[in-house]
Amino acid sequence: MYHTFRINKLRLKPFLNVISDIKKIHNVDLSDISKVTNIRKLLRQKGFPVQDGFTSVTTKCTICMEEKTEQKKTDNKLFVNKTTGYFLCPKCNIHGEWNVLERLMKKSKLEGTIKDYIDDLQQKIDNFQNDWKKVLEETTSIIDLSENETLELFRLFEYPYHHEASKVLSDVRVSEDHTVLYFPLKNSLDKVVGYHKVQAGREDESESCGLYAAGLFHCKATRTSRNDQAILVPTIQDVLHLAASKVPGTLIWLNNCSLPPVLLPCLENYQRLCLWGDWDNMRAVAEKLGEERCRFVRPTDGLVTATEAAVANLSLKTLVSEAKPAAHRSITTFAALRDDVYAELTNIDKVRGVKWRRFPGLTRLLGGHRRGELTVLTGPTGCGKTTLCAEMSLDLAQQGVTTLWGSFEIRNSRLARTMLQQFAGVPLEQNLQEFPKFADDFQKLPIYYLAFHGQQPIKVVMEAVEHARYMHDLSHVVVDNVQFMLGVGDEREGDRYLRQDAVIAAFRTFATARHCHVTLVMHPRKERESEDLSTSSIFGSAKASQEADNVLIIQDKRLTAVRGKKYLQIAKNRYSGDLGIVPLDFDKDALSYQSKKKTKSKQDEPDKLLDECFEEYSLEVHDSNNARTPKNQKNKNKSNNADTFLSDILNLNRTR
Ligand SMILES: [Zn+2]
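None of these values were measured; they are calculated from a predicted model.

K.L.:
Got a sec to walk through the overall build of the protein chain? Specific residues and values, please.
P.N.:
A count of helical and extended segments in the protein chain gives 24 helices and 25 strands. Taking all 656 residues of the protein chain together, 38% fall into the buried category. Considering only contacts within the protein chain whose residues lie at least 6 apart along the sequence, 65% involve residues at least 24 apart.

Now the structure itself:
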């Protein structure tokens with residue numbers, strides 16, 4: 001078996017009508033991922049010393065050895081990631097997929113392609129060194145500025161100032177006009193392998209340059225004792241606050257709490273890590289780092305970051321010393337949970353999840369989009385499930401929710417086109433002159449696409465999803481749709497439902513265990529045009545509605561009723577139990593179901609809306625008999641239908 005598949009982050013090139021041109025930045029061959037046992041075995045077979053670390057096994061680097069025979073022992077360390085097999089030597093900066101290293105180890109002589117690969121990397125390393133040299137020449141160190149200049153600089157960047165701040169940031173370079181800062185990113189040998197450039201007033205557009213982002217910015221508070229602990233925080237402001245409070249340990253700036261696996265070797269030597277930042281993100285970080293050495297600073301009174309705690313005059317030193325372990329225990333007590341419970345209570349808005357900006361009605365009912373949940377979206381064929389799902393996920397991605405799309409039914413290029421048009425809000429073909437601008441902005445969104453199409457075995461899909469989660473810290477996975485993992489063939493219907501249950505169970509487990517939201521798009525089992533879809537009849541078995549936290553059904557009444565509308569029914573909501581409907585008005589130009597401003601007053605009255613919906617429902621029944629049904633009779637029927645509708649929902653909840 002030799003599968004080759006890739007996870008692409010879409011990049012849309014500014015070609016006029018060739019939106020389908022997809023450039024791959026992330027190109028990961030899963031077939032190359034080897035289990036850690038295989039890695040160890042091969043290394044031992046070849047006579048290399050193997051050392052087990054938290055996230056990597058380390059061994060000697062053969063590439064450095066070939067260059068020079070005399071190397072200091074500690075310098076000559078090659079890290080091999082235990083999960084992916086990705087290798088990295090901080091000394092010579094050579095890095096790559098496991099299969100490259102495997103070939104290097106197995107062959108006594110350097111292969112042509114491998115040699116080219118290494119030469120190419122070395123060229124990039126030289127280029128970066130020149131680049132960094134230029135930065136050093138054109139800038140000065142913060143420590144060389146006068147006190148007034150430093151004060152002015154910190155005011156400009158809105159950094160917290162204290163009298164030793166420039167000493168703490170002595171590695172940081174300042175441009176001549178004092179508007180740009182360069183933070184050096186160092187690897188495990190303290191070599192500069194990149195830099196983070198921040199421009200005053202444009203902090204959002206700061207960029208990282210250098211070698212494959214394999215370095216971190218770190219510093220220490222002045223005159224603190226030596227310490228094998230590192231404190232990881234999401235912003236430079238947090239770093240400065242901790243330094244001002246003289247918190248001992250290495251202060252590491254983990255930009256936005258994101259930890260690409262290539263950074264793991266930089267943190268391998270720390271015995272104790274303290275994570276202080278957004279709980280959801282930091283949990284994913286701890287899992288990668290090895291939970292046994294991680295501790296968390298939990299939110300206190302709703303104060304999530306070190307900066308917030310510092311502004312509230314809390315002692316950062318105390319908070320760090322009281323950080324709690326991250327390690328999971330299979331059996332726990334309330335005493336161990338109380339901090340988590342308290343953190344949830346004081347941080348309730350966050351707990352409700354990320355709010356949809358385009359669908360305020362949905363936000364009002366569901367609270368928001370939360371990690372660790374399973375959502376099932378269904379509706380009749382051709383009702384726009386994919387389009388709606390694309391827009392809902394786009395909305396979240398625009399707010400920083402890292403999303404993986406598994407689109408098995410329609411090609412990624414078409415899906416990306418839909419999302420781009422939703423993003424732009426105008427028909428693309430009539431606005432080609434603006435295409436490069438839209439595409440450039442869209443490209444910055446944290447959306448990844450699985451390069452799968454058509455039928456796929458669930459095992460292969462899960463492997464890819466797991467891998468993507470590890471690499472890109474996903475918080476949302478969309479699968480469109482489940483039917484593409486059930487295989488083809490004309491077996492009995494019952495077998496098909498068994499397989500469907502297995503797929504749902506797999507994603508349910510993934511969502512909970514990996515603390516990631518999963519949205520499954522499903523086709524309904526039966527469609528009779530005259531009937532509303534109800535949760536009890538759609539999935540073929542009860543599994544989907546039992547396992548799902550949220551069940552969303554698109555109801556399209558336009559074909560069957562005179563005044564019929566399309567709406568989204570929230571048929572299950574485990575979080576708050578609120579059920580109801582959200583109207584869907586389609587804007588063809590923007591490919592959008594986004595609620596219009598004019599309907600705003602309606603959205604504010606969900607009850608009224610629900611009544612309207614029932615009214616339509618009853619109209620539909622009576623249209624054929626007598627369009628002039630007396631009003632009182634109409635109302636009677638209306639309440640009857642409302643009863644069936646509600647009992648459907650109640651039955652669904654009872655199946656739990
Ligand atoms: Zn090396």
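K.L.:
Just give me the short version of the nonpolar core, but keep the residues and values in it.
P.N.:
One finds I231, L232, V233, V239, L242, L273 and L275 to be the most contacted residues of the largest nonpolar core, which totals 77 residues. The dominant element in this core, judged by the number of residues it contributes, is helix α9 (residues 279–289), at six residues. Ignoring anything within four residues of it in the chain, the contact list for V239 reads C219, V233, L251 and W253.

K.L.:
Give a detailed account of the environment of R202, specifying residues and quantitative values.
P.N.:
Within the secondary structure, R202 is located in the loop between β10 (192–199) and β11 (207–210). According to the C-beta neighbour criterion, R202 is exposed, with 10 such atoms within 10 Å. Expressed as a C-alpha distance, the spacing of R202 and F157, which sit 45 residues apart in the sequence, is 9.4 Å.

K.L.:
So what's going on with unusual backbone geometry? Which residues, and what values?
P.N.:
In the segment running from D480 into N481, the intervening peptide bond is cis, with an omega of -5°. Relative to the helices and strands, N481 is located in the loop between β21 (476–480) and α19 (493–513). You will see that D190, though not glycine, has its phi angle at about 65°, which is positive. Locating D190 in the fold gives a position in the loop between β9 (180–186) and β10. Phi is positive for N313, close to 65°, though the residue is something other than glycine. Note that N313 resides in the loop between α10 (306–311) and α11 (316–321). Residue N313 is classed as exposed on the basis of its 6 C-beta neighbours within 10 Å.

K.L.:
Any details on the sheet that holds strand β16 (residues 294–296)? Residues and values, ideally.
P.N.:
If you walk across this open sheet you meet the six strands as β12-β14-β13-β15-β16-β17, and the pairing is mixed. The open sheet terminates on both sides in strands that have one partner only, identified here as β12 (217–220) and β17 (324–325). On top of the sheet, helix α7 (residues 236–244) reaches β12, β13 (229–233) and β14 (250–253); it is set at about 165° to β14, its chief contact. Sheet strands touched by α9: β15 (272–275) and β16. Its angle to β15, the strand with the most contacts, is close to 165°.

Conventions and cut-offs
Residues numbered from 1 in each chain as written. Predicted model: local features only at pLDDT ≥ 70, side-chain atom pairs only at ≥ 80, totals over all residues. Helix = DSSP H or I, 4+ residues; strand = E, 2+ residues; numbered from the N terminus. Buried ≥ 20, exposed ≤ 12 C-beta atoms within 10 Å, placed from the backbone. Contact = placed C-beta atoms within 7 Å. Core = buried A, V, L, I, M, F, W, Y, C linked by C-beta atoms within 7 Å. Pairing = 2+ DSSP bridges. Axes fitted to C-alpha atoms, helices over the stretch in contact; angles between N-to-C directions.

Nothing here speaks to function; it is all geometry.
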